[in-house]
Amino acid sequence: MGMEVDAFQAAGAMTLLAVLFTFYAGFRAGTLRGTKNISAPATVGDPEFERAFRIHMNTIESLVLFLPLLWVAALTVNGLIALSVGFVWLLGRIMYMTGYMADPAKRGPGALLTMASIAGLFFMSLWGVFTYI
């Protein structure tokens, strides 16, 4: 008897994790804005803040693709597989954040993992949607 993962629960859990990570990235950028004395609406002035700001913005840009594809893949193919690919996306975002904060040239592996997970969800979604047409 295996554990069955409900597609709504899987996609919902991953959505909450993605939102939590995005909130953390924004909180981090906001904290650096304050400690580096960068008044809004400025987005430049300190390299560490600029990197944190770009991490947050890039994560938001990625969410626009990730979340709908996650839900379509979960609901039309398999919730557990979509959840697993979602964890790859989250790992990619964490790698992107740590790499970019250390040195912008080190953001590549995280960005690649993020894009690969989005591509995986895209193809899962395509298959799931067109299987039923």
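Higher on the page you've got the structure.
In this report, the structure presented in the accompanying data block is examined.

## Examining the overall build of the protein chain
For the protein chain, the count of helices and strands is 4 helices and 0 strands. Moving toward the C terminus, one meets the helices and strands of the protein chain in the order α-α-α-α. Taking the principal axes of its C-alpha atoms as reference, the protein chain extends roughly 55 × 30 × 25 Å. Expressed as a percentage of its 133 residues, the buried residues of the protein chain come to 38%. For the protein chain, the share of sequence-separated contacts (at least 6 apart) that also reach a separation of at least 24 residues comes to 69%. Of the roughly 7,600 Å² of accessible surface on the protein chain, a fraction of 72% belongs to carbon and sulfur atoms.

## Side note on the side chain of S117
In this structure, S117 sits in helix α4 (residues 108–131). Polar side-chain contacts of S117 include one of 2.8 Å to the backbone oxygen of T114. Those residues in contact with S117, other than ones at most four positions away along the chain, are V85, V88 and W89.

## Remarks on the packing of aromatic side chains
According to the stated counting rule, one finds 6 aromatic pairs in the structure shown. Plain terms: the ring middles of F49 and F53 are 5.8 Å apart, the flat faces sit at 40° to each other, and that makes the pair tilted. You can see F49 and its partner F53 sitting in helix α2 (residues 47–76), 4 residues apart, about one turn around the helix. The exposure classification of F49 matches that of F53, with both residues buried. Aromatic side chains F122 and F123 sit 5.3 Å apart centroid to centroid with 75° between the ring planes, which places their arrangement in the edge-to-face category. Take F123: its relative accessible area is 56%, and that puts it in the exposed class. Here R93 stacks its cationic end above the ring of Y96, 4.4 Å away from the centre of that ring. The cationic tip of R107 hangs over the ring face of Y100; the distance from NZ or CZ to the ring centre is 5.3 Å.

## Details of α4
A rise of 1.5 Å per residue sets the reference length of α4, with its 24 residues, at 34 Å; its end C-alpha atoms lie 34 Å apart and thus fit the reference within 8%. Among the residues making up α4, those that are buried are G110, A111, T114, S117, I118, L121, M124, S125 and G128.

## Notes on α2
With 30 residues, α2 should reach 44 Å at 1.5 Å per residue; the first-to-last C-alpha distance of 43 Å fits that figure. The largest bend in α2 is about 35°, located at L63.

## What about the pattern of salt bridges?
On inspection of all chains with the given rule, the structure shows 2 salt bridges. In this structure, E48 and K36 form a salt bridge, with 3.1 Å as the shortest nitrogen-oxygen distance. Here E48, found in helix α2, pairs with K36, found in the loop between α1 (7–35) and α2; they are 12 residues apart in sequence, far enough to count as distant. Owing to a relative accessible area of 30%, E48 belongs among the partly exposed residues under this scheme. We classify K36 as partly exposed; its relative accessible area is 32%.

## A short note on unusual backbone geometry
The amide bond that connects A40 to the next residue, P41, takes the cis arrangement and shows omega of 10°. Even without being a glycine, N37 presents a positive backbone phi close to 55°. On the secondary structure map, N37 appears in the loop between α1 and α2. What makes N37 exposed here is its relative accessible area of 68%.

Criteria and thresholds
- Throughout this document, residue positions are counted from 1 along each chain, in the order its sequence is written.
- Reporting in this predicted model follows two pLDDT cut-offs: at least 70 for local features of residues, and 80 or more for side-chain atom pairs to be given and counted; totals over whole chains, interfaces and linings ignore these cut-offs and use all residues.
- The basis for the side-chain values is all heavy atoms of the structure; hydrogens and waters are excluded.
- A run of H or I in DSSP becomes a helix once it reaches four residues, and a run of E becomes a strand once it reaches two; helices and strands are each numbered from the N terminus.
- The buried label goes to any residue with under 20% of its type's maximum accessible area, the exposed label to any with over 50%, and the partly exposed label to all in between, with areas taken from a 1.4 Å probe on protein chains only.
- Whether two residues touch is decided by their heavy atoms; if any such pair falls within 4.5 Å, the residues are in contact.
- The Shrake-Rupley method, run with a 1.4 Å probe sphere, supplies the accessible areas, and residue values consider only the shown protein chains as cover.
- Contacts described as polar in this section are N or O atom pairs within 3.5 Å, which, within protein, must combine one atom able to donate a hydrogen with one able to accept it, while residues neighboring in sequence count only if both atoms come from side chains.
- Within 6.5 Å between ring centres, the rings of Phe, Tyr and Trp (the latter by its six-membered ring) count as paired, and their orientation is classed by plane angle as stacked under 30 degrees, edge-to-face over 60, tilted in between.
- Whether a charge lies above a ring is judged from NZ of Lys or CZ of Arg, which has to be within 6 Å of the ring centre and within 35 degrees of the ring normal.
- One less than the residue count of a helix, multiplied by 1.5 Å, gives the span that helix is expected to have.
- Bending is quantified residue by residue as the angle between axes fitted to the seven-residue window ending at that residue and the seven-residue window starting at it.
- Every case where a carboxyl oxygen of Asp or Glu lies within 4 Å of a side-chain nitrogen of Lys or Arg is listed as a salt bridge.

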